[in-house]
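Below are the chains, spelled out letter by letter.
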Amino acid sequence: MNRFFDALGRGVVRFRWAVLALWLVGTVAAVGMLPSLSSQVNNNNNAFLPASAPSNQAATLAAPLIGKVDQSQIPIVAATSNTTFTSADKAALVSVLTALGKVPTKVAAHYLANSPDGRAAEFLFVSSVSPFDQSKATTLVDNLNAALSRVSLPSDLQVHLAGQIATNVANQQKSTSQSKQIQDGSLLFIIIL
């Protein structure tokens with residue numbers, strides 16, 4: 001066995017440039033010809049459980065109370081820095097509701113209520129996108145943010161997405177960004193090493 005490793009070591013040192021070229025060609029070929037990891041991953045968390053799972057059965061039973069479990073509900077909060085909504089703020093809130101109505105996967109967009117002090121309002125956006133499908137939820141949140149960015153808001157008014165889906169998407173985007181930084185740093189470290 002020692003002779004094998006001895007011969008392998010001598011061969012790799014002697015033909016180091018050929019070995020390096022083979023590794024580079026192999027890496028490029030693997031990246032180009034093998035499927036990507038994202039194409040092999042199912043992003044719908046609901047698909048991992050069978051219909052007979054207790055949580056899926058409970059969700060089906062709760063549907064009349066909480067709505068369909070295959071639809072996303074995203075709260076949207078508007079708040080003013082004034083003591084109450086101005087007429088310009090109220091007009092902007094109507095524009096927000098109109099903009100939400102143009103999001104492609106809209107099932108419903110509702111104005112819910114103002115806060116007791118009159119400084120905040122809540123909307124509810126219901127989408128046909130499953131809350132368990134992370135990639136579609138990300139697209140939904142991007143579409144909602146794009147719709148809200150097209151509304152001209154007074155300087156005192158802020159409108160933001162809220163709720164679990166928006167939080168999950170923001171966390172995923174931050175995690176992806178950090179993972180890319182770690183991967184790039186590791187790659188640089190390996191090259192330097």
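Rules used throughout
Residues numbered from 1 in each chain as written. Predicted model: local features only at pLDDT ≥ 70, side-chain atom pairs only at ≥ 80, totals over all residues. Heavy atoms only, no water. Pairing = 2+ DSSP bridges. Helix = DSSP H or I, 4+ residues; strand = E, 2+ residues; numbered from the N terminus. Axes fitted to C-alpha atoms, helices over the stretch in contact; angles between N-to-C directions. Contact = heavy atoms within 4.5 Å. Parallel < 35°, antiparallel > 145°, perpendicular 65-115°, else oblique. Nonpolar A, V, L, I, M, F, W, Y, C, P; charged D, E, K, R; others polar.

S.K.: So, the sheet that holds strand β1 (residues 72-80): which residues are in play, and what are the values?
M.R.: On the basis of which strands lie adjacent, the open sheet formed by 4 strands has the order β2-β3-β1-β4 and antiparallel pairing. Two strands bound the open sheet, and with one partner strand each, they are β2 (106-114) and β4 (157-161). Ignoring which end each strand starts from, the neighbouring axes of this sheet average 20° apart. As judged from the 7 bridges shared by β2 and strand β3 (residues 120-127), these two strands associate in the antiparallel manner. Note that in β3 the partner of His 110 across the bridge is Leu 124. Across the sheet, helix α4 (residues 87-100) lies against β1, β2, β3 and β4, angled at about 10° from β3, the strand it touches most.

S.K.: Summarise the packing of helix α5 (residues 134-149) against helix α6 (residues 163-192); cite the residues concerned and give the values.
M.R.: Two numbers describe how α5 lies on α6: the axes approach to 9 Å, and their chain directions differ by 105°. Relative to α6, α5 is oriented roughly perpendicular. The segment α5 lies against α6, with Gln 134, Ala 137, Thr 138, Val 141 and Asp 142 engaging Ile 165, Ala 166, Asn 168, Val 169, Gln 172 and Gln 173. Its residues assigned to classes, the contact of α5 with α6 shows 5 nonpolar, 5 polar and 1 charged.

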